[in-house]
Amino acid sequence: VTAEKGGYEHFMLKEIHEQPKAYRDTMRGRMNAAGNKVILPELNLTEEQIKNIRNIQIVACGTAYNAGLVGRNLIESLVRIPVENDIASEYRYRAPIVTPETLVIVVSQSGETADTLAALREGQANGAHVLAITNVVGSSIAREANSVLVTLAGPEIAVASTKAYTSQLIAFTLLGLYLAEVRGTQSEPEVAKILAAMQSLPEQVEVILAQKEAIKAYAEQIAEHKHLFFIGRGVDYAVAQEGSLKLKEISYIHSEAYAAGELKHGTLALIEEGVPVIALATQESVLEKTVSNIKEVKARGAHVLAITHEEHKDDLLRSVDQVFVIPQTLPLLTATLSVVSLQLLAYYASLALGHDVDKPRNLAKSVTVE
Ligand code: G6P
């Protein structure tokens, strides 16, 4: 059995370790030799159609929805087209405003999620072009979509999605860059810089994986708690949501992801002596603000772990209890690294609590009922 798990104790751990390969495979062949252009022939959209896109709706469930939150951040920054995120089971019933100038992006690892498939049909019925980001080429969603951007993560067995999520982030980045090229919102040198940074991501993931013992030790600490918080701003908030979901799914520790500045408008009362708060602080532009939010929870007794880059480590150490450092990358790409540490955290917390990591109770890998 460990043979099919590649020597790992669980599929989830194996799949976490397959991410460098998944990143490379998803990027391969999708940029030119000069490294300053993205090539996506699988997009069945003319330049004219791309230039006419007025809004984008990203629709998905679960982890794929969370990938879409990062996708929105990427696309809005790179292309300046307004993007909405929708939970697939909600999409049809809110009478979404879809026109032939809307690009609907459905995201699904399996390509079989019933609600996501229904959202795809809703988009098409309203004349939108539906682009699917999926990991399964022959899936229902891949077959019905107008364009398919395949993630090459390879089969994902563990119920908790890891390499599919990060491959979706890579796909969104490529898509954002491609749309930006066509619409002229990013210069060639800017695109080249981002593509070069993307090429370093697989090795940078390896650096995080090599530090898993430190994450394991912290996971054993939080395994004793009943609830905890993830906080962050911007893309860090999107990653916080995925980190929180991952932890809940497999460790059954209750957690909540909050936009760092919003905690004081809501559940700050739940922060008391010893409550763990995991603060994602990778975004230079809002770092000071995040630090002041960290101080708010520290003042109430929270035990804070910050996830940040080396250059901010010393700064943060003055206001938090522990720091976990991730390799330096562009602000746009941090999610592809920071989330890996949160996947490991969820994994080791589940392990410490003796749960069935690969098959958490009550969840299914693919949900084909609405
Ligand atoms: C299920 C799984 C989740 C997954 C979601 C969407 O609920 O338990 O892990 O994120 O479906 O799956 P999809 O295959 O559409 O990405």
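Residues numbered from 1 in each chain as written. Predicted model: local features only at pLDDT ≥ 70, side-chain atom pairs only at ≥ 80, totals over all residues.

Counted only if it meets this: UniProt positions are given in the numbering used here, feature names are shortened, and annotations may be inferred rather than shown by experiment.
Looking at an unreviewed UniProt entry, one finds the chain named Glutamine--fructose-6-phosphate aminotransferase [isomerizing], with Paenibacillus borealis as its source organism. According to UniProt, the comment filed for the chain under the heading Subunit (unreviewed entry) is "Homodimer." In its Subcellular location (unreviewed entry) section, the UniProt record describing the chain reads: "Cytoplasm".

Concerning the packing of helix 8 (residues 163-183) against helix 14 (residues 335-352)
Basically, it comes down to this: Where helices are involved, their axes are fitted lines through C-alpha atoms of the stretch in contact, as for all axes, and angles between N-to-C directions lie from 0 to 180°. Going along the chain from the N terminus, every DSSP run of H or I of four or more residues is numbered as a helix, and every run of E of two or more is numbered as a strand. Working rule for angles: under 35 degrees goes down as roughly parallel, over 145 as roughly antiparallel, 65 to 115 as roughly perpendicular, anything else as oblique. A pair of residues counts as a contact when their C-beta atoms, built from backbone coordinates, are within 7 Å of each other. Under the scheme applied here, ten amino acids are nonpolar (Ala, Val, Leu, Ile, Met, Phe, Trp, Tyr, Cys and Pro), four are charged (Asp, Glu, Lys and Arg), and all others, including Gly, are polar.
Axis separation between helix 8 and helix 14 bottoms out at 10 Å; the angle between their running directions is 170°. Here helix 14 runs roughly antiparallel to helix 8, going by the angle between their axes. Between helix 8 and helix 14, the contacting residues are Y165, T166, L169 and I170 on the first element and A335, T336 and V339 on the second. Taken together, the residues of the contact of helix 8 with helix 14 sort by class into five nonpolar, two polar and no charged.

Brief notes about the site of the ligand
Defined as follows: By definition, a residue lies near a molecule or strand provided its backbone-derived C-beta atom is within 6 Å of it.
If you check the shell around the ligand, you find 16 residues, and the closest are G62, S108, Q109, S110 and T113. Residue contributions to the shell around the ligand peak at three residues, all from helix 4 (residues 62-79). Looking at the shell around the ligand, its residues break down into six nonpolar, nine polar and one charged.

Considerations on the sheet that holds strand 8 (residues 276-280)
Under the convention used in this document: Paired strands, in this sense, are two strands between which DSSP finds at least two bridges.
If you walk across this open sheet you meet the five strands as 7-6-8-9-10, and the pairing is parallel. The sheet terminates laterally at strand 7 (254-259) and strand 10 (322-326), the two strands that pair on one side only. On average, each strand axis in the sheet is tilted by 20° relative to the strand beside it, whichever way the strands run. Of the pairings in the sheet, the one linking strand 9 (residues 303-309) to strand 10 comprises five bridges and is parallel in character.

Some remarks on helix 6 (residues 114-125)
The following threshold applies: Multiplying one less than the number of residues by 1.5 Å gives the expected span of a helix. Counts of 20 or more other C-beta atoms within 10 Å of a residue's own C-beta define buried residues, counts of 12 or fewer define exposed ones, and intermediate counts define partly exposed ones; C-beta atoms are placed from the backbone.
An ideal rise of 1.5 Å per residue puts 16 Å on twelve residues; helix 6 measures up with 16 Å between its terminal C-alpha atoms. Within helix 6, the full set of buried residues consists of D115, T116, L117, A119, L120, E122 and G123. Tucked into the core, helix 6 has its buried residues touching strand 1 (55-60), helix 5 (88-91), strand 3 (102-108), strand 4 (129-134) and helix 7 (140-144).

Some thoughts on the packing of helix 11 (residues 235-251) against helix 14
Which entries qualify depends on this criterion: Crossing handedness follows the turn of the near helix against the far one: under a right angle anticlockwise gives a left-handed crossing, and clockwise gives a right-handed one.
Interhelical geometry of helix 11 versus helix 14 gives an angle of 20° and a closest axis separation of 9 Å. The orientation of helix 11 relative to helix 14 falls into the category roughly parallel. Crossing of helix 11 over helix 14 shows right-handed handedness. Residues V235, A238, V239, E242, G243, K246, L247, I250 and S251 of helix 11 touch helix 14, and the partners they reach there are A335, S338, V339, L342, Q343, L345, A346, A349 and S350. Per-class residue counts for the contact of helix 11 with helix 14 are eleven nonpolar, five polar and two charged.

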